[in-house]
Amino acid sequence: MNSPLWLPSPLAPLTAVERRTSPDALQWLTSRDLVAAATWEVYRAADLPSTPALRAASLATWVVADGALSHESALWVHLGGTPPALVHVTSPRALRNARPQRRFYCAQIPVTEAQEVGTTRVTTRIRTACDLARRMPPHGSTTALDTFTRVQRIAALLDAPGELEEARSYLERLHRQPGRPAAKTLFSQIAEWRSAGLL
């Protein structure tokens, strides 16, 4: 069994993770609230805040050279909450996946649609919201609560003034892309719910 990755301290570079903590030692540290999980295999000192840079660093080893964290993983980096069950990476190359916990998407990522969070490349909030909106589960395939929670998270990515309109403009440039009509409908719903004070 591999030892978990360890983000040692606030003073260490977030990309300098080490394989040095045994599972037994980790369990002891966790039981005494000295460390906390950043993801299922990466732990941080309990008093180290869970910032976007730290969350991105905890997934950095999964990102290929020309890729970026995307979809649910980018959502988690930007907003926090529960780590995704899979690591989502978008790359312009079609790649074989040698790690079952990683999901690859093959797509272009223009410079304006990715950003460095700490030292890890992540899709921007607008690109992330559009990617997720285009892949919303079909109506009726999830509970109403799950759907509303997902919409809330996507809306939270677009909370700055003008971001919702920017996301709509981005969708207009995605001619004939799968999920585009559903995403446009979702963004209209977000605007309506905000006007009604529901978001």
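Residues numbered from 1 in each chain as written. Predicted model: local features only at pLDDT ≥ 70, side-chain atom pairs only at ≥ 80, totals over all residues. Heavy atoms only, no water.

A.B. asks: For this particular structure, what's the right way to read the overall build of the protein chain?
C.D. replies: Scanning the protein chain for helices and strands turns up seven helices and nine strands. Counting over 199 residues, the protein chain shows a buried share of 42%. Sequence separation of at least 24 residues holds for 50% of the intrachain contacts in the protein chain that already meet a minimum separation of 6. Only carbon and sulfur atoms are counted for the fraction: they give 55% of the accessible area of the protein chain, which is about 10,800 Å². (Helix = DSSP H or I, 4+ residues; strand = E, 2+ residues; numbered from the N terminus. Buried < 20%, exposed > 50% of the residue type's maximum accessible area, 1.4 Å probe, protein only. Contact = heavy atoms within 4.5 Å. Areas by Shrake-Rupley, 256 points an atom, 1.4 Å probe, with all protein chains shown as cover.)

A.B. asks: What's the story with the environment of Asp159 in this structure? I'm lost.
C.D. replies: Here Asp159 lies in the loop between helix H5 (144-157) and helix H6 (163-172). For Asp159, a relative accessible area of 54% gives the class exposed. As for Asp159 and Arg125, which are separated by 34 residues in sequence, their C-alpha atoms are 9.8 Å apart.

A.B. asks: Quick question: what am I supposed to make of the pairing of strand E6 (residues 87-91) here?
C.D. replies: In terms of residue burial, E6 counts as a mostly covered element, since five of its five residues are buried. Bridge count between strand E5 (residues 68-69) and E6: two bridges; the pairing is antiparallel. For Ala68, the partnering residue across the bridge sits in E6 and is Thr90. (Pairing = 2+ DSSP bridges.)

A.B. asks: Got a minute to help me understand the nonpolar core in this structure?
C.D. replies: Nonpolar side chains in soluble globular proteins tend to end up buried together. One finds Cys130, Ile154, Leu158, Leu186, Phe187 and Ile190 to be the most contacted residues of the largest nonpolar core, which totals 21 residues. Those elements that place two or more of their residues in this core are helix H4 (125-133), H5, H6 and helix H7 (180-195). Broken down by element, the residue count for this core peaks at five residues, all from H4. Excluding residues that lie within four positions of it along the chain, Ile154 makes contacts with Ala129, Leu132, Ala133, Met136, Leu186, Phe187 and Ile190. Formed by 14 residues, the second largest nonpolar core is a distinct cluster that contains Val64, Trp76, Val77 and Val89. (Core = buried A, V, L, I, M, F, W, Y, C linked by side-chain atoms within 4.5 Å.)

A.B. asks: What's the story with the environment of Cys106 in this structure? I'm lost.
C.D. replies: Tracing the chain through its elements places Cys106 in strand E7 (residues 102-106). Apart from residues no more than four positions distant in its own chain, Cys106 is found in contact with Ser91, Pro92, Arg93 and Ala94.

A.B. asks: It is not clear to me how the pattern of salt bridges should be interpreted in this structure. Could you clarify?
C.D. replies: For side chains bearing opposite charge, pairing can occur when the charged atoms are close. A full pass over the atoms with the stated rule returns nine salt bridges. Asp66 is the salt-bridge partner of Arg93, the closest N and O atoms lying 2.7 Å from each other. Taken together, the residues Arg93 in the loop between E6 and E7 and Asp66 in the loop between helix H2 (52-58) and E5 connect sequence positions 27 residues apart. Its relative accessible area of 40% is what places Arg93 among the partly exposed residues. (Salt bridge = Lys/Arg side-chain N within 4 Å of Asp/Glu carboxyl O.)

A.B. asks: What should I look at first to understand the packing of aromatic side chains in this one?
C.D. replies: Each aromatic ring pair is characterised by the separation of its centres together with the angle its planes make. The final tally for this structure, using the stated rule, is one aromatic pair. Ring geometry for Phe148 versus Trp193: centroids 5.4 Å apart, planes at 55 degrees, classification tilted. One end of the pair, Phe148, is in helix H5; the other, Trp193, is in helix H7, with 45 residues separating them in the sequence. Since its relative accessible area comes to 27%, Phe148 is described here as partly exposed. (Phe/Tyr/Trp six-rings, centres within 6.5 Å; stacked < 30°, edge-to-face > 60°.)

A.B. asks: Looking at this structure, I do not really get the packing of helix H3 (residues 71-79) against H4. What am I missing?
C.D. replies: The packing of two helices is summarised by the inter-axis angle and the distance between the axes. Two elements in contact, H3 and H4, have axes whose closest approach is 9 Å; the angle formed by their N-to-C orientations is 140 degrees. The orientation of H3 relative to H4 falls into the category oblique. Considering the relative orientation of H3 and H4, their crossing is left-handed. On H4, the residues that touch His71, Glu72, Ala74, Leu75, His78 and Leu79 of H3 are Arg125, Thr128, Asp131 and Leu132. The class makeup of the residues in the contact of H3 with H4 is four nonpolar, three polar and three charged. (Axes fitted to C-alpha atoms, helices over the stretch in contact; angles between N-to-C directions. Parallel < 35°, antiparallel > 145°, perpendicular 65-115°, else oblique. Left-handed = near helix turned anticlockwise from the far one by under 90°. Nonpolar A, V, L, I, M, F, W, Y, C, P; charged D, E, K, R; others polar.)

A.B. asks: Would you explain unusual backbone geometry in this entry?
C.D. replies: Glycine aside, a negative phi is what most residues show, and trans is what most peptide bonds show. One non-glycine residue, His71, lies in the positive phi region at around 50 degrees. Secondary-structure assignment places His71 in helix H3.

A.B. asks: In this structure, what is going on with the packing of H5 against H7? I would like to understand it.
C.D. replies: Following both chains from N to C, one finds H5 and H7 inclined at 85 degrees, their axes separated by 11 Å at the closest point. In terms of axis orientation, H5 runs roughly perpendicular to H7. Two secondary-structure elements touch here, H5 through Phe148, Val151, Ile154 and Ala155 and H7 through Leu186, Phe187, Ile190, Trp193 and Arg194. Tallied by class, the residues present in the contact of H5 with H7 amount to eight nonpolar, no polar and one charged.

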